[in-house]
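# Structural characterization, general
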Amino acid sequence: MTETAPDQPAPESHPDLPRARMAARIVGLIIPVGLVIVGVIVTLAWLPRLPNPVAVHWSGAGVADGFGSPMLGLFLFPVAGLTMAALYFLQRAPHWVTGQRPGGDIWGPINRLTPAIALGGAVVIFSLNMVTTAIQLDLPDARQLEPNLAVTIVPAVAGLAAAVLGYLAQPRLREVA
């Protein structure tokens, strides 16, 4: 009985595997952490211009319906953004049990999808932080905010676009001929 050739080459023999791993790291970890850092810097710069309390929650119709300290955003958005960046490590989770590196047998779509989801989530969090903070700049009272669907639409569209671009930016490994 003869063995059939595998559908995908062993990762060590695939010349693009190091590039695929680096692209996944950039998409799923480095960019999301960078967004957290930028978000903290911008929020700190804007902090003196924010009302106290600020709107911290919006209904689905874009109406501010929850209020809190401006410092809350400096804590919650970075924690949420870093949680999204931590999703990058989920692609390694099944391999913690087996001891193999991600892509130990193949580098498949899930190895591209997990970092793309992490990027999309990080962009949603970053966009939500920027939009909700920017619309409150220089307001004497956050309760004066008009309903604004941008707080839901902009982050959702930006996150979806980032996830798709993050997936497509990573190389698709094919069998070496």
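Residues numbered from 1 in each chain as written. Predicted model: local features only at pLDDT ≥ 70, side-chain atom pairs only at ≥ 80, totals over all residues. Heavy atoms only, no water.

### Quick notes on the overall build of the chain
- Helices and strands together make up the secondary structure of the chain, namely five helices and two strands.
- Counting from the amino terminus, the chain carries its helices and strands in the arrangement α-β-β-α-α-α-α.
- Per-residue burial over the chain gives 40% buried out of 177 residues.
- Look at the contacts in the chain between residues 6 or more apart in sequence, and 76% of them connect residues 24 or more apart. (Helix = DSSP H or I, 4+ residues; strand = E, 2+ residues; numbered from the N terminus. Buried < 20%, exposed > 50% of the residue type's maximum accessible area, 1.4 Å probe, protein only. Contact = heavy atoms within 4.5 Å.)

### Side note on empty space enclosed by the protein
- In the structure shown here, the tally under the stated rule is three cavities of 30 Å³ or more.
- In this structure, the largest cavity spans a volume of roughly 100 Å³.
- Among the secondary structure elements, those contributing two or more residues to the lining of the largest cavity are α1 (17-46), α2 (71-86) and α4 (109-134).
- Per-element accounting of the lining of the largest cavity gives the leading share, six residues, to α1.
- Split by residue class, the lining of the largest cavity holds 10 nonpolar, five polar and no charged. (1 Å grid on protein atoms, 1.4 Å probe; cavity = no way out; pocket = protein on both sides within 12 Å on 5 of 7 lines; lining within 4 Å. Points joined across faces, edges and corners; volume = space filled by probe spheres on them. Nonpolar A, V, L, I, M, F, W, Y, C, P; charged D, E, K, R; others polar.)

### Let's talk about the packing of α2 against α4
- Packing of α2 against α4 leaves a shortest axis separation of 8 Å and a crossing angle of 165°. One way to sum up the angle between α2 and α4 is to call them roughly antiparallel. Regarding α2 and α4, the two cross each other, and that crossing is left-handed. In this structure, α2 contributes Phe77, Ala80, Gly81 and Met84 to the contact, and α4 contributes Ala118, Gly121, Ala122, Ile125, Leu128, Asn129 and Thr132. (Axes fitted to C-alpha atoms, helices over the stretch in contact; angles between N-to-C directions. Parallel < 35°, antiparallel > 145°, perpendicular 65-115°, else oblique. Left-handed = near helix turned anticlockwise from the far one by under 90°.)

### Quick look at the layout of surface pockets
- Roughly 360 Å³ of internal volume is contained in the largest pocket.
- Surrounding the largest pocket, 22 residues form its lining, Ala55, Val56, Trp58, Phe77 and Thr132 being those nearest its centre.
- At six residues, the largest contribution of residues to the lining of the largest pocket is made by α2.
- Residue composition of the lining of the largest pocket, by class: 14 nonpolar, eight polar and no charged.

### Some details on the pattern of salt bridges
- Under the defined criterion, the tally for this structure stands at three salt bridges.
- A salt bridge links Arg49 to Asp138; the nearest nitrogen and oxygen atoms lie 2.6 Å apart. Of this pair, Arg49 sits in the loop between α1 and β1 (54-58) while Asp138 sits in the loop between α4 and α5 (150-169), placing them 89 residues apart in sequence.
- With a relative accessible area of 37%, Arg49 lands in the partly exposed category.
- One salt bridge in this structure joins Arg143 and Asp141, with 3.6 Å as the shortest N-O distance.
- Look at Arg143 and you get exposed, because its relative accessible area is 51%. (Salt bridge = Lys/Arg side-chain N within 4 Å of Asp/Glu carboxyl O.)

### Some thoughts on unusual backbone geometry
- In this model, Asn52 is joined to Pro53 through a cis peptide bond whose omega is 10°.
- Relative to the helices and strands, Pro53 resides in the loop between α1 and β1.
- One non-glycine residue, Asp138, lies in positive phi territory at about 65°.

### Re the pairing of β1
- Sheet analysis places β1 next to strand β2 (residues 64-68), joined by four bridges and oriented antiparallel. Paired with Val54 across the strands is Gly68, a residue of β2.
- Counting the residues in the hairpin turn of β1 and β2 gives five residues, including Gly62, whose phi is positive at 80°. (Pairing = 2+ DSSP bridges.)

### Topic: the nonpolar core
- With eight residues, the main nonpolar core is built from Leu17, Ala20, Ala24, Leu29, Ala85, Tyr88, Trp107 and Leu173.
- With four residues, the top contributor of residues to this core is α1.
- Formed by seven residues, the second largest nonpolar core is a distinct cluster that contains Ala55, Trp58, Ala64 and Leu145. (Core = buried A, V, L, I, M, F, W, Y, C linked by side-chain atoms within 4.5 Å.)

Bear in mind that shape data such as this cannot, by itself, settle questions of function.
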